[in-house]
Amino acid sequence: MSSTSPAPHTKGPAIVAESLVKHFGDVHALQGVSFEVPSATVLGLLGPNGAGKTTAVRILTTILQPSSGRAAVAGVDVVAHPHEVRRRIGLAGQYAAVDENLTGHENLTLVGRLNHLAKAVARARSTELLAQFQLTDAAHRPVRTYSGGMRRRLDLAAALVAHPPVLLLDEPTTGLDPSSRQDLWDVIASLVSDGTTVLLTTQYLEEADRLADRIVVIDHGLVVAEGTAAQLKSRLGETAVALSFRHSELADRAVHLLGDFGASLLPSDPTSLSIPLRGGAATVREVLNLLHAHDLEVGRIDLHEPTLDDVFISLTGARS
Amino acid sequence: MTSTSTLPTFDPSVGTSDGSIGWVFRDTLAMTGRNLTAMRRVPQVLVFSLVQPVIFVLMFRYVFGGAIQIPGRDYVDYLMPGIFTQTVAFGAINTAVGLAEDKGKGLLERLRSLPMSRSAVLGGRVMADTVRNVVVILLMILIGTLVGFRTHTNVLAVAAGVGVLVLFGVALASIFVLIGLSVPNGEAAQAAAFPLLAPLVFASNAFVDPSTMPSWLEWWAVRQPVSKTTEAVRALMLGGETAGPVTASVLWSLAIMAVMSPIAIARYRKS
C-alpha cells in the first residue's frame, strides 16, 4: 500500500507475520494472520476478547510456537532462532509481570542480569529507567506497595532494560486510570520517535487511534480489516454535521432547502437533520448562511465523526 | 501489502549464543537470589513452614509420645528425625506454590521472553528452596534440642543426615515443580499437594513403629522414601547401621529425580 517506508534507514519491516495459525486442540486461536510492522512505527492489533491478539504476541515473543505460518522479529525467524529474537524484544503484558516482593530497583536489575548485562551496568540501567518512569522515590520499596499505574510503568521499564529495537505491548493500559494511561502513551510515543518499533494490542480504540500508525483488526483469529485509523474510519462514511431545530416542521423546511447538500432527517429524531461535510468548514458556513437567509434558526449543531468504536462494532459485531 | 512479503533472512552466526554452561549457572544464581530475596521479604512463609512441624513436635512429644513405645530409644530421639523428614516433605509445597504464583502473575511469561537460560527458572526455584530447607532443618534441630532431642554421633554424621534430608528435598522439589506448573495458582498447588504427601508422611516410620500397622500397610510403610530417609537420618544422628538406610534413601531420591526432572522440564518448555 505505501511504497515509501517511514524509516528509510532500516532494511525492512521490524515485524513480519505470515499466515500465522495456532490451534489449541479444537480451538483455532489464529487462522492465518498476516501483517507487517515497518521499523519505528506502531501497529495497533485490535480485537475483542478472545480474538487471538495475545496468541499473536506470544508467538512473536517466542513463548508459543505457531502451528503453521512464519514470523520474524527484527529480522530473525521466531521459530528457527528464538533465543536471538529474545535478545531483540521487550515484552510488557496485561499483567504487570513484576515480582511483588522485590523492590522496583531489584526487579529491573534482575531483568538486566537475565539480559546478561554486567552487574554494574544492570544497576545503572535500572536507576536510569526508574528516573525516566518517575519511580525514583519508590525505587527501594517492594512492588507490592506500588499503585496499579506504578506497576505498569515498572513493567514497561522492565521491557526496556536491554534497549530492545522491538517492543510488544499486550494491552499495556488495561485497568489504568485516564491520567496513568496518558502518561504511558506519552512514554510509548517518545520511544517510537527514538526509533523503537511497537506492536500494541488493545481493546481501547482511543489508544489505537492515539498511538498506532496502522491498525490491524482481528476477530476469531482472522484479520478483518487493516489500514490507518483514518482509512478505517472512512470506510464508515464521512464526517457529518447534525443540525437540530425547535420542532420538526422547521427541520422539514430545512431538509428541502438543503437538498443540494445531501441533507436528510435523522431517523431517530425528526427535529434534526444530518449533512455530510464534504466541503469541510466552507460547507458549514454556506449551510448556516442559507438557513439564516430563510429565517430558519438552528438550535444546536453537532459534529459527528465516525469513531474507531463504530469501525470496531461494524467489523466484529462486538462492543469494546 | 503483506501478501508479497518475504521473511528476512538471518545469519545466526551474527549473534552470540547465551546458552553456554556459564550463563546457565549465572542465570540460575540470579534466579536463586531473586527467590531468596522474596523469601526474606515475606518471613511469614518461613515462620508458617515452621509452625506445623513445631505443633507436631509438641503433640507427639507431650501428648501422644507417652503412649508410643519404641524399644531401646527415647521417643523424642525417635521422633525428631521423623519430624525433619516431615518438615522437608511439607516444605516442598513451597516449591509448587512459588512456581504457580510466578505463573499466575505472568512472571513466567516475561522470563520466557528474556534471552536467559530456560532451565534457570526451575533451577533457581529448587536452589532457593534447598537453601530454605537447610535453614529450616537447622532450626528444627535446635527446637528438638529444646524438647530433649540429643544426637548420639558426631558432627560429620549429623551433617550427613542433613545432607540426606536436603537431597530428599531436591527430589521432592522435582515432583512439586511439576505440580506448580500444572495448576493455575498457589492455592490450587497447596490443595493438590496434601493428598500426595499425607500417605507418604503418615504411613511411614516417622512417628510410629510400622510393625503396629496392618501388614499390607506395613509393607508399604517400611519401603517408601519418607521411611527410608527417616531411617537414614536416625542412623546418622543417633547411631546404628548407616550404609543400608542411607543407600536406600539416596537411591529413592535419585530415582525420583531421574523420573520427575525430565517430565518437569518438558512441562515447563511446553506450558
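Residues numbered from 1 in each chain as written. Chains lettered and ligands numbered in written order. Predicted model: local features only at pLDDT ≥ 70, side-chain atom pairs only at ≥ 80, totals over all residues.

Next up on the list: the overall build of chain B. In terms of helices and strands, chain B carries 11 helices and zero strands. Overall, chain B shows an N-to-C arrangement of helices and strands of α-α-α-α-α-α-α-α-α-α-α. Seen along its three principal axes, the alpha-carbon backbone of chain B occupies a region of about 85 × 35 × 35 Å. By residue count, 44% of the 271 residues in chain B fall in the buried class. Intrachain contacts of chain B at a sequence separation of at least 6 include 82% that bridge at least 24 residues. (Helix = DSSP H or I, 4+ residues; strand = E, 2+ residues; numbered from the N terminus. Buried ≥ 20, exposed ≤ 12 C-beta atoms within 10 Å, placed from the backbone. Contact = placed C-beta atoms within 7 Å.)

The next thing to look at is the interface of chain A and chain B. With 37 residues of chain A in contact, the opposing surface of chain B contributes 28 residues. Put simply, the parts of the chain that give the side of chain A that touches chain B at least two residues each are strand 1 (15-24), strand 2 (27-37), strand 4 (68-73), strand 5 (76-77), helix 2 (82-86), strand 6 (89-92) and helix 3 (104-114) of chain A. Take the side of chain A that touches chain B: its biggest share by element is five residues, from helix 3 of chain A. In terms of residue class, the side of chain A that touches chain B is built from 16 nonpolar, 11 polar and 10 charged. (Nonpolar A, V, L, I, M, F, W, Y, C, P; charged D, E, K, R; others polar.)

All names here are of chain A. Judged by pairing direction, the sheet is antiparallel, and its four strands sit side by side in the order 2-1-4-5 without closing on themselves. Where the open sheet ends on each side, the last strands, each with one partner, are strand 2 and strand 5. One ladder, built from eight bridges, connects strand 1 with strand 2; its direction is antiparallel. By the bridge assignment, Val16 is partnered in strand 2 with Glu36. Sheet strands in contact with helix 1 (residues 53-60) are strand 1, strand 2 and strand 4, and its direction is about 115° off that of strand 1. (Pairing = 2+ DSSP bridges. Axes fitted to C-alpha atoms, helices over the stretch in contact; angles between N-to-C directions.)

Residue and element names in this part refer to chain A. The phi torsion at Ala74 lies on the positive side, around 50°, for a residue other than glycine. The class for Ala74 is buried, based on 21 C-beta atoms found within 10 Å. If you check the backbone angles, Asp295 has positive phi at about 55° while not being a glycine. Relative to the helices and strands, Asp295 resides in the loop between helix 10 (281-293) and strand 14 (300-304).

Sheets are built from strands that pair by backbone hydrogen bonding, the pairs being arranged parallel or antiparallel. Residues and elements named next belong to chain A. Spatially, 6-7-8-3-9-10 is the arrangement adopted by the six strands of the open sheet, whose pairing is mixed. Every interior strand has two partners, whereas the edge strands, strand 6 and strand 10 (222-227), have only one. Strand-to-strand twist across the sheet, computed as the mean angle between neighbouring axes with direction ignored, equals 15°. Examined bridge by bridge, strand 9 (residues 214-219) and strand 10 share five bridges and lie antiparallel to one another. If you follow Ile215 over to strand 10, its bridge partner there is Gly227. Lying on the sheet, helix 5 (residues 148-160) is in contact with strand 6 and strand 7 (166-170); it crosses strand 6 at an angle near 165°. Sheet contacts for helix 11 (residues 308-316): strand 3 (42-46), strand 9 and strand 10; angle to strand 9, the most-contacted strand, approximately 30°.

Counting 144 residues, the largest nonpolar core has Leu60 and Val73 of chain A together with Phe176 of chain B as its most contacted members. Per-element tally for this core: the top contributor is helix 7 (residues 155-182) of chain B, with 14 residues. Residue contacts for Leu60 of chain A: discarding those within four places in its chain leaves Ile15, Ala17, Ala71, Val73, Val78, Leu168 and Leu199 of chain A. (Core = buried A, V, L, I, M, F, W, Y, C linked by C-beta atoms within 7 Å.)

Mean pLDDT over chain A: 87, with 94% of residues reaching 70 or higher. Of the regions scoring below 50 in pLDDT, residues 1-10 of chain A engages in nine contacts with residues more than four places distant in sequence or in other chains. (pLDDT = per-residue confidence, 0-100.)

Take the packing of helix 2 (residues 43-64) of chain B against helix 3 (residues 75-91) of chain B next. All names here are of chain B. Interaxial distance between helix 2 and helix 3 falls to 10 Å at its minimum, and their mutual angle equals 155°. Of the possible angle classes, the one that applies to helix 2 and helix 3 is roughly antiparallel. Classified by chirality, the crossing of helix 3 by helix 2 is right-handed. Here Ser49, Gln52, Pro53, Phe56, Val57, Phe60 and Arg61 of helix 2 lie close against helix 3, whose contacting residues are Val76, Leu79, Ile83, Gln86, Thr87, Phe90 and Gly91. Across the contact of helix 2 with helix 3, the residue classes tally to eight nonpolar, five polar and one charged. (Parallel < 35°, antiparallel > 145°, perpendicular 65-115°, else oblique. Left-handed = near helix turned anticlockwise from the far one by under 90°.)

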